[in-house]
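Residue-level structure breakdown
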Amino acid sequence: MRWGMAIELKRCVGCYECVLACKAEHFLPPDIFWNRVLIGETGKYPTVTKLIYNVRCNQCADPACVKVCPTGATQQREDGIVWVDEDKCVGCRYCMIACPYQMRMMYEDENAQYFPGQELTEHEKIGKELYPHQPGVVQKCVFCKERIDAGIEAGLTPGVDREATPACVISCPTKAIHFGDLDDPNSEINRIIKEKHGHPFHPEFDTDPSIYYID
Amino acid sequence: MSQIKPYDFMVKYQQQKDWIDGRGNFIAFAFFLGGISGGLYLAAAYFDSLLGMFVAWLLSLLMGVSYMAHLSHPFRSWRMFMKPGTSWIARGFIFIMLFIGLTTIQLILSQWVPEATGAITVLKVLAGIFAFAQSIYTGFAVSYVSAIKVWNSAIVPILFVTCGLSGGLAILLAITMGGDHAQLVMLENVIRVVLIALAIIIGVYLWNTTYSSTAASDAVKRLIGGSLALLFWIGVFLFGIAIPIIISITSYFAGEASSGLLITAIVSEIIGGLALRFAILKAGMYTPLLPAE
């Protein structure tokens, strides 16, 4: 089993809903983004093309971050999900340096709040209880592994059932993001990647990403 | 990352800052100290300078302190013994610990049990191996990062070792000054060769890197004529190469250099070594994921 995503670029409208859903799901502090929307442009007037790419950790099959981690804090599960054991991370930042996609960040300021000078919001207070983040350790997207694990335990299928599917996928208003098992030749995600010619982002980085983009 | 405007992120070339800003400065210091400590130990062991080996041991301890200061959670650093299989930082940590441990025993024996020549020789060889490993691993830790093209070069470890050796020899020269004249002359001769080699390696590295990729070429341009030019030309070139070489050549033709000139060359060489680590780390640029224009 290897969880993966397929993102249809023509469907993405750049609404940032996936970014917000991720922030809400994991109670992410200010300045921490597990996924992002990159916006670029190619060409010259009048033939300009706007590029909108929703990016996150690619959960690479051959991840540079896992190799360089000196303590084994960054680990890869059998289902391909790369995650950080916060209790083992020393904060050397080698993984941040090594990730060619730059999809890792350091959570440093534990006092940072969304509305500085005011009381913490209810969401922030709940987050500190339910999903505490350790300062001085590296953060990254984990494909909402908690949702996947709980969903599978409840007999649900990730990518099919909302409760077992990553927050960014189910929040997308245009259904641009698909999720499923890349190892299952009959899965919906494999059909989409095959039919619509999905390709990994920057394959030249040679890390075998689990996220495919469809032009 | 918070200083990057959201619309700039990975759409333009971005300088790596994790190993140069804030706590990141300590890793540059650690790499520098590891280099000169390794170089100094090798030189001191060759010239049989007990004081030189002791200073190398002190510098390695300082490297460890600098390393710890770089970490957000230094008390978890014992975990770095766990993954030498794939991580250069873990390997480096082990090299430093082994070097410090072996050198401690060797220094104790050399000082208080000098008749144990066999054990001292074995310890010197082992400590020498780890001194070299401690010096070269800093280069491998950097060159392993394929995401940063200007670092991803096989020349970087050679460059770091040579620079470390040059700094180590300079410190040994300072220790030897006022001592055995023949040894001083021999040291000066070795330093001349190492300095010329260092200048050639820096030149080859920059030339080779220019042709490896656009990101690497841009980084070299920043080093030579961009925002890092001052650091490169004054720090690396002037202090690290030009001043020591000029003094070295002057002393070669004049027969003997004054203490003042030698001290200038030594200090200059050490500043140059530090500037080189900072320049290379600061030059690290990420290739954008999307074209900006």
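This write-up is about the structure you can find in this document. Only a predicted model underlies this, so the values are computations on that prediction, with no experimental measurement involved.

1. Some points on the side chain of Ser-171 of chain A
All names here are of chain A. Of note, Ser-171 is situated in helix α6 (residues 167-171). We classify Ser-171 as buried; its relative accessible area is 18%. Discounting residues that sit within four places of it in the chain, Ser-171 has contacts with Glu-17, Cys-18 and Ala-21.

2. A word on the nonpolar core
Grouped together as the largest cluster of nonpolar side chains are 152 residues, with contacts concentrated most on Trp-19 and Trp-151 of chain B. In terms of nonpolar packing, the next biggest core, distinct from the first, is built from 7 residues, Ala-6, Leu-182, Ile-189 and Ile-193 of chain A among them.

3. Some points on helix α7 (residues 214-225) of chain B
Each α-helix turn comprises 3.6 residues. Residues three or four places apart therefore point the same way. The terminal C-alpha atoms of α7 of chain B, which comprises 12 residues, lie 16 Å apart, in line with the 16 Å expected from a rise of 1.5 Å per residue. Buried-residue contacts for α7 of chain B involve β1 (14-15), α6 (181-210), α8 (229-254), α9 (259-283) and β2 (285-286) of chain B.

4. Section: the interface of chain A and chain B
Contacts between the two partners involve 43 residues from chain A and, on the opposite side, 39 residues from chain B. For the pair chain A and chain B, the summed buried area comes to about 3,300 Å², and 62% of that belongs to carbon and sulfur atoms. If you look at where chain A meets chain B, you find 1 salt bridge. Ionic pairing is found between Asp-18 of chain B and Arg-93 of chain A, a salt bridge with its closest N-O pair at 3.5 Å. Scanning the region where chain A abuts chain B turns up 21 residue pairs in polar contact (both at pLDDT 80 or more). Sorting the residues of the side of chain A that touches chain B by element identifies β2 (35-42), β3 (49-56), α2 (64-68), α3 (94-98) and β6 (105-107) of chain A as the ones contributing at least two each. Here the side of chain A that touches chain B takes 6 residues from β2 of chain A, the largest share from any one element. Tallied by class, the residues present in the side of chain A that touches chain B amount to 25 nonpolar, 9 polar and 9 charged.

5. What to know about a nonpolar patch on the surface
Residues and elements named next belong to chain B. On the surface, Ile-224, Leu-230, Trp-233, Ile-234, Phe-237 and Leu-238 cluster together into a nonpolar patch covering about 550 Å² of accessible area. You can see Leu-238 is positioned in helix α8. Classification of Leu-238 by relative accessible area gives partly exposed; the value is 36%.

6. Comments concerning the sheet that holds strand β9 (residues 199-200) of chain A
Pairing is mixed in the open sheet, where 4 strands are placed in the order β8-β1-β10-β9 (chain A). Since the sheet does not close on itself, it has two edges, and those belong to β8 (177-181) and β9 of chain A, each with one partner.

7. Brief notes about the side chain of Gln-106 of chain B
With respect to the helices, strands and loops of the structure, Gln-106 of chain B is situated in helix α3 (residues 88-112). If sequence neighbours within four positions are ignored, Gln-106 of chain B has contacts with Tyr-41, Leu-50, Met-53, Ile-120, Leu-123 and Lys-124 of chain B.

Analysis parameters
- Residues numbered from 1 in each chain as written.
- Chains lettered and ligands numbered in written order.
- Predicted model: local features only at pLDDT ≥ 70, side-chain atom pairs only at ≥ 80, totals over all residues.
- Heavy atoms only, no water.
- Helix = DSSP H or I, 4+ residues; strand = E, 2+ residues; numbered from the N terminus.
- Buried < 20%, exposed > 50% of the residue type's maximum accessible area, 1.4 Å probe, protein only.
- Contact = heavy atoms within 4.5 Å.
- Core = buried A, V, L, I, M, F, W, Y, C linked by side-chain atoms within 4.5 Å.
- Expected span 1.5 Å × (residues − 1).
- Buried area = accessible area lost by both parts, 1.4 Å probe.
- Salt bridge = Lys/Arg side-chain N within 4 Å of Asp/Glu carboxyl O.
- Polar contact = N/O pair within 3.5 Å; in protein donor to acceptor, adjacent residues only side chain to side chain.
- Nonpolar A, V, L, I, M, F, W, Y, C, P; charged D, E, K, R; others polar.
- Patch = residues over 30% accessible without salt bridge, like charges linked within 9 Å, V, L, I, M, F, W, Y side chains within 5 Å.
- Areas by Shrake-Rupley, 256 points an atom, 1.4 Å probe, with all protein chains shown as cover.
- Pairing = 2+ DSSP bridges.

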